[in-house]
Amino acid sequence: MRMLEKDEEEGDIQVSWQDQQNINTFSKYNARLQDLEETYEAKKTEKEYLDDLASELELADEDELVKYRIGETFVSLSLEAAMERINKSQEELDRDIEALKAQMDEAVEKMDGLKKVLYARFGNAINLEKD
């Protein structure tokens, strides 16, 4: 959000309790959206890493044991068991990513509704856009 220039200000506008509640709610959704976007990007990156790992393991020898990380420990697993775990992790990440998208869409929808109300009330005296 940015500060308005003096020529953009429209004089003194009274802010009611409800207006302040709407502004606070918008701010909460905005902060939540930023957190969700960061989490979404991290999950997407993790998914890409797992996709790359699955591609690499397809080229591995089936008789070879694979070092698979569980927490902070590496365990030797057969190629098949490692691929099963990777596929399960990919499915979990897909579900997480879809849930995050839904939460982000919901936050954006609610923010858009609040923007309409607040811009109708305050006009150019308030800026709710990201810069």
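Residues numbered from 1 in each chain as written. Predicted model: local features only at pLDDT ≥ 70, side-chain atom pairs only at ≥ 80, totals over all residues. Heavy atoms only, no water.

Some remarks on the UniProt feature "coiled-coil region" (unreviewed entry) in the protein
This is how it is decided: UniProt positions are given in the numbering used here, feature names are shortened, and annotations may be inferred rather than shown by experiment. Secondary structure follows DSSP: runs of H or I at least 4 residues long count as helices, runs of E at least 2 residues long count as strands, and numbering of each begins at the N terminus.
UniProt tags residues 26–53 and 79–117 as "coiled-coil region" (unreviewed entry). Across residues 26–53 one finds 100% helix and 0% strand; the C-alpha atoms that close the span lie 40 Å apart.

Re the nonpolar core
Keep this limit in mind: By convention a nonpolar core is built from buried Ala, Val, Leu, Ile, Met, Phe, Trp, Tyr and Cys residues, the set being connected through side-chain atoms within 4.5 Å. For every residue, the accessible area (1.4 Å probe, protein chains only) is compared with the maximum for its type, and the residue is labelled buried under 20%, exposed over 50%, or partly exposed between those bounds.
Among the nonpolar cores identified, the biggest contains 14 residues, and Phe26, Leu33, Tyr40, Met104, Leu118 and Leu128 are the most heavily contacted of them. No other element matches helix α2 (residues 79–122), which puts eight residues into this core. Of all hydrophobic cores here, the second largest spans eleven residues; its members include Leu57, Tyr68, Ala82 and Ile86.

Quick look at the packing of aromatic side chains
We count it as follows: Stacked, edge-to-face and tilted labels apply to pairs of Phe, Tyr and Trp rings (six-membered ring for Trp) whose centres lie within 6.5 Å, assigned for plane angles under 30 degrees, over 60, and everything in between, in that order. Comment: the charge-over-ring label is applied if NZ (Lys) or CZ (Arg) is within 6 Å of the ring centre and within 35 degrees of the ring normal.
Tallied over the entire structure, the rule returns zero aromatic pairs. Lying across the ring of phenylalanine 122, arginine 121 places its NZ or CZ 5.2 Å from the centre.

Looking at helix α1 (residues 17–58)
Rules: Take the number of residues in a helix, subtract one, and multiply by 1.5 Å to get its expected span. Should any heavy atoms of two residues lie within 4.5 Å, those residues are considered in contact.
Taking 1.5 Å per residue as the helical rise, α1 with its 42 residues ought to reach 62 Å, and the 61 Å between its terminal C-alpha atoms agrees with that figure. If you check which residues of α1 are buried, you get Asp19, Asn22, Phe26, Asn30, Leu33, Leu36, Tyr40, Lys47, Leu50, Ala54 and Leu57. Here the buried face of α1 lies against β1 (65–70) and α2.

Focus: the pairing of β1
As a reminder, the rule being used: Two strands form a pair only when DSSP identifies at least two bridges running between them.
Relative to strand β2 (residues 73–78), β1 runs antiparallel, the two sharing six bridges. Bridge assignment links isoleucine 70 to a residue of β2, and that residue is threonine 73. Adjacent in sequence and paired antiparallel, β1 and β2 are bridged by two residues, among which glycine 71 carries a positive phi angle near 65°.

Details of the side chain of lysine 47
Take lysine 47: it is sitting in helix α1. For lysine 47, the residues in contact, after removing those within four places along its chain, are Gln90, Leu93, Asp94 and Ile97.

What to know about a negative patch on the surface
Cut-off, in case you're wondering: In this analysis, a patch consists of residues with relative accessible area above 30% that form no salt bridge, clustered at 9 Å for like charges and at 5 Å for the nonpolar side chains Val, Leu, Ile, Met, Phe, Trp and Tyr. Where accessible areas are quoted, they stem from the Shrake-Rupley method and a 1.4 Å probe; at the residue level, only the protein chains shown are allowed to cover. The salt bridge definition used is simple: a Lys or Arg side-chain nitrogen within 4 Å of an Asp or Glu carboxyl oxygen. In this charge count, Lys and Arg are treated as positive and Asp and Glu as negative; neither His nor the chain ends contribute. Think of each charge as sitting on NZ of Lys, CZ of Arg, CG of Asp or CD of Glu.
There is a patch of like negative charges on the surface, built from Asp61, Glu62, Asp63, Glu64, Glu80 and Glu84. Here glutamate 84 lies in helix α2.

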